[in-house]
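Structural characterization, general
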Amino acid sequence: MSQYVNDIDEALKRLLELRRKIVPDVGVNDQAMGRLASIQDSLANLVKARDQEEQLEKKKSIFDAVSESLRIDR
C-alpha cells in the first residue's frame, strides 16, 4: 500500500475514535450534532479518497478511479 493510503487509514481511525467520544453527547450538548455531522462528512470523503488511491495503485486511470469510488451500489 502507498503512504497515501496508510495516512488516510490513520486519519479514518482518529475520526472514528473522535466519533465514538462525541456520540454520547448528542442530545445533551448543543454542538455535538453539528460536530458529528462534520465528522461523518469527513469520513465519507476520506473513504472516497482512499478508494481512489487504491485504484490508482492498480494503474487505473484517474477517471476510472473516481467513477468506481462514486458508485452507489458499493
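All values reported here derive from a predicted model rather than from experimental measurement. (Residues numbered from 1 in each chain as written. Predicted model: local features only at pLDDT ≥ 70, side-chain atom pairs only at ≥ 80, totals over all residues. Heavy atoms only, no water.)

Applying the stated criterion across every chain yields a total of 4 salt bridges. Note that glutamate 10 and lysine 13 form a salt bridge whose closest N and O atoms lie 3.4 Å from each other. Of this pair, glutamate 10 and lysine 13 are both found in helix α1 (residues 3-22), 3 residues apart, which corresponds to roughly one turn of the helix. Close ionic contact of arginine 50 with aspartate 51 constitutes a salt bridge, the shortest N to O distance being 4.0 Å. (Salt bridge = Lys/Arg side-chain N within 4 Å of Asp/Glu carboxyl O. Helix = DSSP H or I, 4+ residues; strand = E, 2+ residues; numbered from the N terminus.)

If you look at the biggest cluster of nonpolar residues, it comprises 8 residues: Ile8, Leu12, Leu15, Ile22, Ala32, Leu36, Ile39 and Leu43. Put simply, the parts of the chain that give this core at least two residues each are α1 and α2 (32-57). Aside from chain neighbours lying at most four places away, what touches isoleucine 8 is Leu46, Ala49, Arg50 and Glu53. (Core = buried A, V, L, I, M, F, W, Y, C linked by side-chain atoms within 4.5 Å. Buried < 20%, exposed > 50% of the residue type's maximum accessible area, 1.4 Å probe, protein only. Contact = heavy atoms within 4.5 Å.)

Mean pLDDT over the protein: 87, with 89% of residues reaching 70 or higher. For the protein, per-element mean pLDDT is lowest for helix α3 (residues 62-69), which scores 72, and highest for α1, which scores 94. (pLDDT = per-residue confidence, 0-100.)

With 26 residues, α2 ought to run about 38 Å at 1.5 Å a step, and its terminal C-alpha atoms sit 37 Å apart, in line with that. Among the residues making up α2, those that are buried are Ala32, Leu36, Ile39, Leu43, Asp51 and Gln55. Count one or two residues on from α2 and you reach lysine 59, which has phi positive near 70°. (Expected span 1.5 Å × (residues − 1).)

All right, on to the packing of α1 against α2 then. Contact geometry for α1 and α2: axes closest at 9 Å, N-to-C directions at 160°. In this view, α1 runs roughly antiparallel relative to α2, as classed from their interaxial angle. Crossing hand, α1 versus α2: left-handed. (Axes fitted to C-alpha atoms, helices over the stretch in contact; angles between N-to-C directions. Parallel < 35°, antiparallel > 145°, perpendicular 65-115°, else oblique. Left-handed = near helix turned anticlockwise from the far one by under 90°.)

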